[in-house]
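# Survey of secondary and tertiary structure
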Amino acid sequence: MEYDEDFPEEAAVTGTARTAYAEAKPYGAEQVRQAYVSAGDVYAVILQSREAGAPAVPFWQTVVLQSQLLG
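All values derive from a computational prediction rather than experimental measurement.

### Re the side chain of glutamine 48
Topologically, glutamine 48 is positioned in strand β4 (residues 42–51). Using a relative accessible area of 15% as the deciding quantity, one classes glutamine 48 as buried. If we skip the residues at most four places from it in the chain, glutamine 48 touches Gln31, Val32, Arg33, Ala54, Pro58, Phe59 and Thr62.

In structure tokens:
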């Protein structure tokens, strides 16, 4: 896993902290993306995997929506 440096900073949700990672190439049959979101003493772990690569934008949207729910 490597840090997802392309995750847009303007997508940050007030009151939450997030860290996102993407599985680097070469990956096996599917790629995994993962993020950790914290708000106070609550943590969320978000995992997505897809064959032939997990698209970044749907993953980012999922992370932002979960951040909004926690924040």
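### Looking at the pattern of salt bridges
All chains considered together, the criterion is met by 2 salt bridges. We note a salt bridge from arginine 33 to aspartate 4, for which the minimum N-O separation is 3.5 Å. Highlighted residues: arginine 33 in strand β3 (residues 30–39) and aspartate 4 in the loop between β1 (2–3) and β2 (17–22), separated in sequence by 29 residues. With its nearest N and O atoms 3.9 Å apart, the salt bridge here joins arginine 18 to glutamate 9.

### Looking at the environment of serine 67
Looking at the element boundaries, serine 67 is found in helix α1 (residues 56–70). By relative accessible area, which is 4% here, serine 67 ends up buried. The sequence separation of serine 67 and alanine 12 amounts to 55 residues, and the corresponding C-alpha distance is 8.3 Å. In this view, serine 67 contacts Val13, Thr16 and Val37; residues no more than four positions away in its chain are not counted. Of note is the side chain of serine 67, whose polar atom sits 2.8 Å from the backbone oxygen of valine 63.

### Quick notes on the sheet that holds β1
Pairing in this open sheet of 4 strands is antiparallel, and the strands run β1-β2-β3-β4 from one edge to the other. The sheet is open, and its two borders are formed by β1 and β4, each paired with just one other strand. With 10 bridges joining them, β3 and β4 adopt antiparallel strand pairing. Looking at β4, one finds that serine 38 is bridged to tyrosine 43. Set on the sheet, α1 makes contact with β2, β3 and β4; between it and β4 the angle comes to about 160 degrees.

### Quick word on the nonpolar core
Phe7, Val13, Ala20, Ala35, Val37, Ala44, Ile46, Phe59, Trp60, Val63 and Val64 form the largest nonpolar core, which has 11 residues in total. Those elements that place two or more of their residues in this core are β3, β4 and α1. The greatest single-element share of this core, amounting to 4 residues, is contributed by α1.

Cut-offs and rules
- Residues numbered from 1 in each chain as written.
- Predicted model: local features only at pLDDT ≥ 70, side-chain atom pairs only at ≥ 80, totals over all residues.
- Heavy atoms only, no water.
- Helix = DSSP H or I, 4+ residues; strand = E, 2+ residues; numbered from the N terminus.
- Buried < 20%, exposed > 50% of the residue type's maximum accessible area, 1.4 Å probe, protein only.
- Contact = heavy atoms within 4.5 Å.
- Salt bridge = Lys/Arg side-chain N within 4 Å of Asp/Glu carboxyl O.
- Polar contact = N/O pair within 3.5 Å; in protein donor to acceptor, adjacent residues only side chain to side chain.
- Pairing = 2+ DSSP bridges.
- Axes fitted to C-alpha atoms, helices over the stretch in contact; angles between N-to-C directions.
- Core = buried A, V, L, I, M, F, W, Y, C linked by side-chain atoms within 4.5 Å.

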